[in-house]
Every structure is written in C-alpha cells, then in structure tokens.
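Structural overview for review
Each chain, letter by letter, is given below.
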Amino acid sequence: MKLIHFRGLNCYYNCIVSIAGHLGADYPLSFATLWSETDFKYDPYRRAFLTKRMLINLDAQGAKLTMLDCDSPQQAEDSLSRFDGGEFIIVGMDAFFIPWTPLYGLLHGPHYFMAQNAAAETLNCFDPTYHRSAEQIARRDIIDHAFDITRMERVSENPAHTQASLSVAREAREILHGHPDLRRKLLADIAGCSQGNENHAEMLARYVDTMISNRYLYRYYLQNRTSGLDADYLFPDRDFFAGWAAVKNGLYRVSVSSGNRTVLADVRTQLGALLDWETALAERIISDISSYCDAPSL
C-alpha cells in the first residue's frame with residue numbers, strides 16, 4: 001500500500017486516493033473537474049465543505065465508496081465484521097482515541113485513517129497524513145468511537161464519463177459560465193458579514209478553503225497529464241495561492257472580531273481580482289487551446 005499525501009488533500013481524501021491507487025484507479029483524473037466546482041457538500045461534524053465531483057469521478061473509474069452504519073456500537077461491530085483480512089477500510093474517529101496522533105489523550109477532533117482486520121481484537125492501521133504504516137488499534141476502540149466506517153470497492157467503469165472529464169477546454173468553459181454568478185454571490189455574502197453577521201464569515205472561510213484545495217488538486221491533475229499544458233504557468237504557486245490564502249485568512253479574522261469593514265473591503269477586492277484573473281485565464285485557454293492541450297482531450 002502506497003500512502004498518498006500532498007497539498008490539497010485532507011486526512012479523509014488522503015485515505016480515499018491511497019485506496020483508489022491501491023485498487024488501480026488513476027486517481028489524478030478524479031481532479032479533472034475540480035477547478036469549476038462550486039456546489040460542495042457541508043459536513044457539520046467536521047465543519048468542512050467537501051468536494052462531490054472527486055467521488056463521482058472516482059466512481060466512474062470503478063472505485064466506489066460506500067458508507068456503512070456505525071451510529072451505535074452494535075452497528076459498528078456488524079460493519080467491521082464484513083471485511084476480510086486483505087481489504088482496506090476508511091475509519092473516521094475522534095483523534096483523542098487514536099494513539100499515534102498528536103491529539104491522543106489531549107484534544108478532541110475528527111481524523112481519518114485506513115485499517116485492515118488483523119487479529120480478533122486488533123486492526124492494522126495506515127495513516128497517510130502522519131506517514132504511519134505499522135500501527136494497530138483495538139477493535140473495541142473503533143466500535144466505541146468511530147463516526148464513519150467506509151469501504152471502497154471495485155465496480156464497473158464508465159469510460160465515457162472519465163473521457164469527458166479530461167477536457168481542459170471544457171473546464172475552462174465551465175469557469176466562464178459559472179464565475180459571473182459565483183463572483184456576485186460571494187462578494188454579496190462577504191459584504192453581508194459587516195452587518196452584524198460576522199459568524200457567517202467563518203462559513204465563507206471554510207468554503208474558500210475548499211476552493212483552494214480544489215485548485216491545488218486541479219493543478220496536480222494538470223501536472224500529471226501528458227500534454228503541452230504548463231501547470232506552473234497557469235497556476236503559479238506564489239502569487240495565485242497566496243492571494244487565495246489572504247482571502248481565507250481575512251474571513252477568519254472577521255469571524256472572530258467585529259468592526260472589520262476595512263478587512264472585508266480588502267477581502268472583497270482580493271477575491272474579485274482572483275476570480276477576474278481566473279476568468280481571463282479561462283478565456284486565454286479557449287482562445288489558444290492548441291498551445292495548451294493535446295487534440296484528443298479537447
């Protein structure tokens with residue numbers, strides 16, 4: 001099992017792509033539509049927005065996730081009993097009860113790792129986030145404390161969906177189609193945070209954080225495709241991602257204090273400039289597509 005962890009992935013997606021790669025899925029292809037994604041799933045337990053498209057794209061490659069019941073100890077025990085000794089599963093638990101994490105016995109917080117059935121009372125554990133591959137955890141701890149038990153299985157592939165997703169030109173058109181509305185909505189939402197609704201800024205910061213992750217993953221996809229497209233030129237690390245980080249951090253700053261109209265104004269200006277830059281980039285890709293893309297993926 002190769003443990004996969006790079007920028008843009010959180011502990012949950014580290015596990016997903018690690019198992020997908022182990023099953024033979026070409027997981028970078030699952031990032032091919034993430035630049036234009038705006039309809040995220042919100043997970044209240046983790047207080048985070050999550051990409052939907054990545055899982056849809058993995059499913060099309062024949063790597064399907066299925067969440068199993070673990071709302072009670074009995075359900076968790078029944079779910080664990082379904083796995084043979086060779087299958088990797090994804091477990092979400094409070095890090096307070098995970099021995100190899102820095103939060104063990106100290107602080108509470110959600111964390112994901114992979115596990116395999118081993119002996120009757122223990123599971124072998126693998127954690128890409130902390131680069132750990134020789135850990136064990138008591139079965140009883142998972143039964144008592146897991147909030148998520150998920151398996152990934154091989155299913156029939158959908159090559160038509162996968163092939164359609166690979167078009168950089170198509171993704172650029174999605175940006176041109178969606179960015180005007182996204183720009184209006186986000187700028188209006190940010191302006192609203194100055195009217196006694198500072199708490200909303202935290203939700204916006206979490207939403208922007210997912211947009212940032214998607215852009216890192218889309219950049220990873222571009223870097224790993226065989227074409228003439230220059231990912232470093234299109235998504236330069238320093239200025240582009242620093243600008244997005246400034247928007248996120250500004251929103252978090254607003255969420256913990258009032259009277260930040262100047263910060264909000266700066267955030268709106270920065271965000272507007274970033275979305276305008278992405279729109280111009282999408283226009284450039286479409287107008288000179290032969291310079292960036294190989295013909296079969298148009």
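Structure: above.
A brief look at the structure comes next. Keep in mind the model is a prediction, meaning the values are calculated, not measured. (Residues numbered from 1 in each chain as written. Predicted model: local features only at pLDDT ≥ 70, side-chain atom pairs only at ≥ 80, totals over all residues. Heavy atoms only, no water.)

1. Looking at the pairing of strand β5 (residues 110-117)
Burial runs high along β5: 7 of the 8 residues are buried. In this sheet, β5 lies alongside strand β4 (residues 89-94) in antiparallel orientation, the contact comprising 6 bridges. Bridge assignment links G92 to a residue of β5, and that residue is Y112. (Buried < 20%, exposed > 50% of the residue type's maximum accessible area, 1.4 Å probe, protein only. Helix = DSSP H or I, 4+ residues; strand = E, 2+ residues; numbered from the N terminus. Pairing = 2+ DSSP bridges.)

2. Brief notes about a negative patch on the surface
A cluster of acidic side chains, namely D69, D71, E77 and D78, defines a negative patch on the protein surface. Following the sequence through the fold, D78 ends up in helix α3 (residues 73-80). Overall, D78 belongs to the partly exposed group, its relative accessible area being 40%. (Patch = residues over 30% accessible without salt bridge, like charges linked within 9 Å, V, L, I, M, F, W, Y side chains within 5 Å. Areas by Shrake-Rupley, 256 points an atom, 1.4 Å probe, with all protein chains shown as cover. Salt bridge = Lys/Arg side-chain N within 4 Å of Asp/Glu carboxyl O. Lys, Arg positive; Asp, Glu negative; His and termini not counted. Charge placed at Lys NZ, Arg CZ, Asp CG, Glu CD.)

3. Some remarks on α3
Those residues of α3 that sit buried are A76, S79 and L80. Projection of α3 onto a plane perpendicular to its axis shows the buried side chains occupying an angular sector of 95 degrees, all on one side. (Arc of directions from axis to C-beta.)

4. A closer look at the packing of aromatic side chains
Under the criterion given, the structure shown has 19 aromatic pairs. On the basis of an interplanar angle of 50 degrees and a centroid distance of 4.7 Å, the ring pair of Y12 and Y112 is categorised as tilted. Here Y12, found in helix α1 (residues 11-22), pairs with Y112, found in strand β5; they are 100 residues apart in sequence, far enough to count as distant. Taken as a pair, Y12 and Y112 share a single burial class, namely buried. Centroid distance Y216 to F241: 3.8 Å. Interplanar angle 10 degrees. Geometry classified as stacked. You can see Y216 sitting in helix α7 (residues 199-223) and its partner F241 sitting in helix α9 (residues 237-255), a full 25 residues away along the chain. Residue classification places Y216 among the buried residues on the basis of a relative accessible area of 13%. Here the basic side chain of R46 rests over the ring of Y12, its NZ or CZ set 4.5 Å away from the ring centre. (Phe/Tyr/Trp six-rings, centres within 6.5 Å; stacked < 30°, edge-to-face > 60°. Lys NZ or Arg CZ within 6 Å of the ring centre and 35° of its normal.)

5. Looking at the pattern of salt bridges
Enumeration over the complete set of coordinates arrives at 15 salt bridges. As a salt-bridge pair, D39 and K52 come within 3.2 Å of each other at their nearest N and O atoms. Of this pair, D39 sits in the loop between α1 and β1 (41-43) while K52 sits in the loop between β2 (48-50) and α2 (53-60); the two residues are 13 residues apart in sequence, bridging distant segments of the chain. Note on K52: relative accessible area 34%, which makes it partly exposed.

6. A closer look at the environment of L68
Topologically, L68 is positioned in strand β3 (residues 63-68). You can call L68 buried: its relative accessible area is 10%. Between the C-alpha atoms of L68 and R219, which are 151 residues apart in sequence, the distance is 32 Å. Among all residues touching L68, those that are not within four sequence positions of it are S79, R82, F83, I149 and R151. (Contact = heavy atoms within 4.5 Å.)

7. Some thoughts on helix α6 (residues 168-192)
In this model, α6 (25 residues) spans 34 Å end to end at C-alpha, consistent with the 36 Å of a helix rising 1.5 Å per residue. The largest bend in α6 is about 40 degrees, located at G178, with the proline P180 one to four residues further on. When we look at burial in α6, the residues that qualify are V168, A169, E171, A172, I175, H179, L182, L186, L187 and I190. Between the side-chain oxygen of the N-cap and the backbone nitrogen of A169 there are 3.4 Å, and the N-cap of α6 in question is S167. (Expected span 1.5 Å × (residues − 1). Bend = angle between axes of the 7 residues up to and from the residue. Polar contact = N/O pair within 3.5 Å; in protein donor to acceptor, adjacent residues only side chain to side chain.)

8. Digging into unusual backbone geometry
Of all residues except glycine, most have a negative phi; of all peptide bonds, most are trans. Phi is positive for R47, which is not a glycine, with a value near 50 degrees. With respect to the secondary-structure elements, R47 resides in the loop between β1 and β2. Residue classification places R47 among the partly exposed residues on the basis of a relative accessible area of 41%. Despite not being glycine, H131 shows a phi value in the positive range, around 55 degrees.

9. Comments concerning the environment of K41
Here K41 is to be found in strand β1. Sequence separation between K41 and S156 is 115 residues, and the spatial gap between their C-alpha atoms is 25 Å. Discounting chain neighbours no more than four positions away, the residues touching K41 are A48, F49, L50 and K52.

10. Quick word on the packing of α6 against α7
Working note: a packed helix pair is described by the angle between its axes plus the distance between those axes. Two elements in contact, α6 and α7, have axes whose closest approach is 13 Å; the angle formed by their N-to-C orientations is 165 degrees. Taken together, α6 and α7 sit at an angle that is classed as roughly antiparallel. Remark: the crossing between α6 and α7 carries left-handed chirality. Where α6 abuts α7, its residues V168, E171, H179, L182, L186, D189 and I190 lie against H200, L204, Y207, M211, R215, Y218 and L222. (Axes fitted to C-alpha atoms, helices over the stretch in contact; angles between N-to-C directions. Parallel < 35°, antiparallel > 145°, perpendicular 65-115°, else oblique. Left-handed = near helix turned anticlockwise from the far one by under 90°.)

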